Amino acid sequence: MADVRDLYQEVIFEHNKNPRNFGVLEDHNRHAVGHNPLCGDQLTVYLRVDDQDTVEDVSFEGTGCAISVASASLMTQILKGKAKEEAEALFQAFHDVCTKQREVEDAPELDKLAVLAGVRDFPSRVKCATLAWHTVHAALETDEAGAEVTTE
Ligand code: FES
């Protein structure tokens, strides 16, 4: 088990050091700003969605701890090409796993996101792991003017 944890730590470390899809998405048509009031960290998520509300492209920027940045990075990788309903279902599954309402083994759709499931043993870190997801949820619900959301 220690080996698996080490691997998970490595993935989180690597995504924090080299976040994927980081920066402003030039041709975005939705965006939202997410705050974690516990620490003051803030992320902005940019989306380009098509007429059917499918995520064509996604990026993020901002500052946060290693878990929040790694979670945002992994999220951008998994969201491309997903319909709004699929994205919302992933958020729900991820949230349920992080808050112990569901076991990791029962949520195979999370795929790479499972490396973040360790936060379930550290309740204060759940908001770190879910910050980007709260933000993308707000972005999907808003129009081009953007939205602001907190993890509370
Ligand atoms: Fe701020 Fe994790 S400590 S998002």
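Shown above is the structure to which this text applies.
About the criteria used
Residues numbered from 1 in each chain as written. Predicted model: local features only at pLDDT ≥ 70, side-chain atom pairs only at ≥ 80, totals over all residues. Heavy atoms only, no water. Pairing = 2+ DSSP bridges. Helix = DSSP H or I, 4+ residues; strand = E, 2+ residues; numbered from the N terminus. Axes fitted to C-alpha atoms, helices over the stretch in contact; angles between N-to-C directions. Contact = heavy atoms within 4.5 Å. Parallel < 35°, antiparallel > 145°, perpendicular 65-115°, else oblique. Left-handed = near helix turned anticlockwise from the far one by under 90°. Nonpolar A, V, L, I, M, F, W, Y, C, P; charged D, E, K, R; others polar. Core = buried A, V, L, I, M, F, W, Y, C linked by side-chain atoms within 4.5 Å. Buried < 20%, exposed > 50% of the residue type's maximum accessible area, 1.4 Å probe, protein only. Salt bridge = Lys/Arg side-chain N within 4 Å of Asp/Glu carboxyl O.

## Quick notes on the sheet that holds strand S3 (residues 55-63)
Part 1 of the reasoning: Spatial ordering of the open sheet is given by S3-S2-S1-S4, a layout of four strands whose pairing is mixed. The open sheet is flanked by S3 and strand S4 (147-150), the only strands paired with a single partner. The average undirected angle you get between the axes of adjacent strands in this sheet is 20°.
Part 2 of the reasoning: Of the strand pairs in this sheet, strand S1 (residues 30-36) and S4 are connected by four bridges, and their pairing is parallel. Looking at the pairing, His35 lines up with Thr150 of S4.
Part 3 of the reasoning: Packed onto the sheet, helix H2 (residues 66-79) meets strand S2 (41-49) and S3 and runs at close to 170° relative to S3.
Part 4 of the reasoning: Docked against the sheet, helix H4 (residues 123-141) engages S1, S2, S3 and S4, running at close to 150° with respect to S1.

## Here we look at the packing of helix H3 (residues 84-98) against H4
Helix packing for two helices is described by the angle between their axes and how far apart those axes are.
Part 1 of the reasoning: Two numbers describe how H3 lies on H4: the axes approach to 10 Å, and their chain directions differ by 160°. Comparing the axis directions of H3 and H4 gives the class roughly antiparallel. Of the two elements, H3 crosses H4, and the hand of that crossing is left-handed. For the pair H3 and H4, contact is made by Lys84, Ala87, Glu88, Leu90, Phe91, Phe94, His95 and Cys98 and by Val126, Ala129, Thr130, Trp133, His134, His137, Leu140 and Glu141, respectively.
Part 2 of the reasoning: Of the residues in the contact of H3 with H4, the class split is nine nonpolar, four polar and three charged.

## Here's the deal with the nonpolar core
Part 1 of the reasoning: Core analysis: the largest hydrophobic core is formed by 43 residues, its most contacted members being Leu47, Leu79, Phe94, Leu110 and Trp133.
Part 2 of the reasoning: Sorting the residues of this core by element identifies S2, S3, H2, H3 and H4 as the ones contributing at least two each.
Part 3 of the reasoning: Sort the elements by how many residues they give to this core and H4 lands first, with 10 residues.
Part 4 of the reasoning: The contacts of Phe94, once residues within four sequence positions are left out, are Ser71, Leu110, Leu113, Leu116, Ala129, Thr130 and Trp133.

## Details of the pattern of salt bridges
Part 1 of the reasoning: Across all of its chains, the model carries nine salt bridges by this definition.
Part 2 of the reasoning: Arg20 serves as the salt-bridge partner of Glu14, at 2.7 Å between the closest nitrogen and oxygen.
Part 3 of the reasoning: A residue is classified by how much of its surface remains accessible, and Glu14, at 32% relative accessible area, is partly exposed.
Part 4 of the reasoning: Overall, the relative accessible area of 23% leaves Arg20 in the partly exposed class.
Part 5 of the reasoning: The shortest N-O distance in the salt bridge between Glu103 and Arg120 comes to 3.5 Å. With a gap of 17 residues between them, Glu103 in the loop between H3 and H4 and Arg120 in the loop between H3 and H4 connect regions that are remote in the sequence.
Part 6 of the reasoning: On the basis of relative accessible area, Glu103 is assigned to the partly exposed category, the value being 36%.
Part 7 of the reasoning: Judged by relative accessible area, which is 15%, Arg120 ranks as buried.
Part 8 of the reasoning: One salt-bridge network, held together by shared partners, links Asp27, Arg48 and Glu56.

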